[in-house]
Amino acid sequence: MKILKSALVIVGLFTIVFVSIQAAQQSPDSNNETTAESSVANQKERPVKDYNIYALPMPENINFAGEEVPIDDPDIYERMDRELLVNTYWQSNALLLIKRANQFFPIIEPILKEEGVPDDFKYLAVIESGLTQAVSPAGAKGFWQIMEGTGKDYGLEINGNVDERYHIEKSTRVAADYLKKSKEKFGSWTMAAAAYNAGNRGVERQLERQKVDDYYELLLGEETGRYMFRILAIKEILSNPEQYGFNFEEKHLYKHIPTKTVKVDTVVKDFAEFAHHFDINYKILKIHNPWLREAHLNNASRKEYEIKIPAEKTYTAVK
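These notes cover the structure that comes with them. The residue count restarts for each chain, going from 1 along the sequence in the order it is written. Local features are withheld for residues below a pLDDT of 70 in this predicted model, meaning they are given only at 70 or higher, and side-chain atom pairs are given and counted only at 80 or more; totals for whole chains, interfaces and linings count all residues. With hydrogens and water set aside, each side-chain value is computed from the structure's full complement of heavy atoms.

Some thoughts on unusual backbone geometry
Reasoning step 1: With a phi angle near 55 degrees, Asn 61 is a residue other than glycine that sits in the positive phi range.
Reasoning step 2: Tracing the sequence through the fold places Asn 61 in the loop between α2 (28-45) and β1 (63-64).
Reasoning step 3: Phi at Lys 211 is positive, roughly 60 degrees, even though this residue is not glycine.
Reasoning step 4: Under the scheme used here, helices are H or I runs from DSSP no shorter than 4 residues and strands are E runs no shorter than 2 residues, and both carry numbers assigned from the N terminus. Its place among the elements puts Lys 211 in the loop between α9 (200-210) and α10 (222-239).
Reasoning step 5: The cut-offs for exposure are 20% and 50% of the maximum accessible area for each residue type, with area from a 1.4 Å probe on protein chains only; residues under the lower value are buried, those over the upper are exposed, and the others partly exposed. Among the residues examined, Lys 211 registers a relative accessible area of 73% and is labelled exposed.

Quick look at the packing of helix α5 (residues 122-129) against α10
Reasoning step 1: To get an axis, fit a line to the C-alpha atoms, keeping to the stretch in contact for a helix; angles then go from 0 to 180 degrees between the N-to-C directions. One way to put it is that α5 packs onto α10 with a least axis distance of 9 Å and a crossing angle of 110 degrees. Here α10 runs roughly perpendicular to α5, going by the angle between their axes. Judged by the twist between their axes, the crossing of α5 over α10 is right-handed. Of the residues in α10, those in contact with Tyr 123, Leu 124, Val 126, Ile 127 and Glu 128 of α5 are Tyr 227, Arg 230, Ile 231, Ile 234, Lys 235, Leu 238 and Ser 239. Note on angle classes: values under 35 degrees are labelled roughly parallel, values over 145 roughly antiparallel, values of 65 to 115 roughly perpendicular, and the remainder oblique. In a left-handed crossing the near helix is turned counterclockwise from the far helix by less than a right angle, and in a right-handed crossing that turn is clockwise. The contact rule is simple, with two residues in contact once any of their heavy atoms fall within 4.5 Å.

So, the environment of Ile 146
Reasoning step 1: Relative to the assigned elements, Ile 146 resides in the loop between α5 and α6 (148-153).
Reasoning step 2: What makes Ile 146 buried here is its relative accessible area of 4%.
Reasoning step 3: The spatial distance from the C-alpha of Ile 146 to the C-alpha of Ala 175 is 8.0 Å, given a sequence separation of 29 residues.
Reasoning step 4: Those residues in contact with Ile 146 that lie beyond four places of it in its chain are Gly 139, Ala 140, Lys 141, Gly 151, Leu 156, Arg 165, Ser 171, Val 174 and Tyr 196.

A short note on α5
Each turn of an α-helix holds 3.6 residues, which means side chains three or four residues apart point in the same direction.
Reasoning step 1: Within α5, 8 of the 8 residues are buried, which leaves it mostly tucked inside the rest of the structure.
Reasoning step 2: For α5, every residue scored as buried is listed here: Lys 122, Tyr 123, Leu 124, Ala 125, Val 126, Ile 127, Glu 128 and Ser 129.

Details of the layout of surface pockets
Reasoning step 1: Method remark: on a 1 Å grid restricted to protein atoms, a set of points is classed as a cavity if a 1.4 Å probe fits but cannot get out and as a pocket if it is open with protein on both sides within 12 Å along at least five of seven lines; lining residues have an atom within 4 Å of a point. Grid points are joined across faces, edges and corners, and a volume is the space filled by probe spheres set on the points. In this structure, the largest pocket encloses a volume near 470 Å³.
Reasoning step 2: Around the largest pocket, the lining is made up of 22 residues, and of these Ala 140, Gln 145, Met 147, Tyr 196 and Asn 197 lie nearest the centre.
Reasoning step 3: Those elements that provide at least two residues to the lining of the largest pocket are α5, α7 (168-186), α8 (189-198) and α10.
Reasoning step 4: Asp, Glu, Lys and Arg are counted as charged, while Ala, Val, Leu, Ile, Met, Phe, Trp, Tyr, Cys and Pro are counted as nonpolar; the rest, among them Gly, fall into the polar class. Within the lining of the largest pocket, the residues separate by chemical class into 14 nonpolar, 5 polar and 3 charged.

Points about the environment of Phe 248
Reasoning step 1: With respect to the helices and strands, the residue Phe 248 is situated in the loop between α10 and β3 (259-264).
Reasoning step 2: With 150 residues separating them along the chain, Phe 248 and Ile 98 place their C-alpha atoms 9.8 Å apart.
Reasoning step 3: Leaving out residues up to four positions away in the same chain, Phe 248 has contacts with Leu 95, Ile 98, Pro 241, Glu 242 and Leu 253.

Some words on the pattern of salt bridges
Reasoning step 1: Here a salt bridge means any side-chain nitrogen of Lys or Arg lying within 4 Å of a carboxyl oxygen belonging to Asp or Glu. Counted under the stated rule, the structure contains 19 salt bridges.
Reasoning step 2: Of the charged contacts in the structure, one is a salt bridge between Arg 173 and Glu 114, with a shortest N-O distance of 3.4 Å. Here Arg 173, found in helix α7, pairs with Glu 114, found in helix α4 (residues 91-115); they are 59 residues apart in sequence, far enough to count as distant.
Reasoning step 3: Lys 122 is paired through a salt bridge with Asp 119; the nearest N and O atoms lie 2.8 Å apart.
Reasoning step 4: Here Asp 119 falls in the partly exposed class, since its relative accessible area comes to 35%.

A closer look at the packing of aromatic side chains
Reasoning step 1: Ring geometry is summarised as follows: Phe, Tyr and Trp rings, the Trp one being its six-membered ring, pair when their centres sit within 6.5 Å, and such pairs are stacked at plane angles under 30 degrees, edge-to-face over 60 and tilted between the two. Following the criterion strictly, the structure yields 13 aromatic pairs and no others.
Reasoning step 2: Ring geometry for Tyr 154 and Tyr 178: centres 6.3 Å apart, planes at 50 degrees, overall tilted. A residue pair is termed long-range when its members are at least 10 positions apart, and Tyr 154 in the loop between α6 and α7 and Tyr 178 in helix α7 qualify at 24 residues.
Reasoning step 3: Ring-pair connections join several aromatic residues into one group, and the members of that group are Trp 144, Tyr 154, Tyr 178 and Tyr 196.
Reasoning step 4: Whether a charge sits over a ring comes down to the Lys NZ or Arg CZ being within 6 Å of the ring centre and within 35 degrees of the ring normal. Positioned above the aromatic ring of Phe 186, the side-chain terminus of Lys 185 is 5.9 Å from the ring centre.
Reasoning step 5: For Arg 293, the ring lying beneath its charged end belongs to Tyr 166, and the centroid distance is 3.9 Å.

Here's what the structure looks like:
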């Protein structure tokens, strides 16, 4: 019996010693390797989003209204690259501009053509207002951001009742007239576009002061210095949206809604009631005629106004 007890004690001691040796031989590095392997395995199980930001290749043959942009100049290259990056990677804004362009370019394009102004100037309206009836801190209004004095000088009616700076067709013709006069003064459409932003006199002063005759040779303030490059970037992206990663179908774009004209040469006491006569509501009437600034039309002079009504049953009928 004593021999058996002694044997068990010896076996127990050997077991303890063996376990201790094994524990001592298990190094920290081994534990780290095991932990690392486990971490890698866990990472492989997690989905990884493939979202990358890429530098953009510079487009070839960049021009505005047929006038070449000297992209070989390092300064010009950098300024163009900046606007391409800013407008490409501000995706929500760019996609909204693509959608709105489908709605409003069909109105603007034929007027520019009729007025003899290059089609590229539709992109000027895009950067001026985002194709919305915007109001600037300085008081410029509408798609073309026309100041009150300029609008009146060019024959727009502007008062509390009516503000034709919000009239897309009429304001487009005013902008076209202004641009043609600037082109005649400065000799290029590029300079005409810059003058639209800084004013004819402002551009003229800088040309005289710096003794140059080209926009791309001028040192200008932040806004006017970026102006042409913003137009060029928007032109490039809206002309080639898929190339810049914008994916959409025709059904996603905002629709141009054809309208018919109703002529009015009397006082209109209530445009809500007026709208009902054409089976639309006040909201729809104002969407198509944002230049009507109040819910009534005074028209003491009995002037003839042209009010737009949707040509087809596009909206839900008034009940």
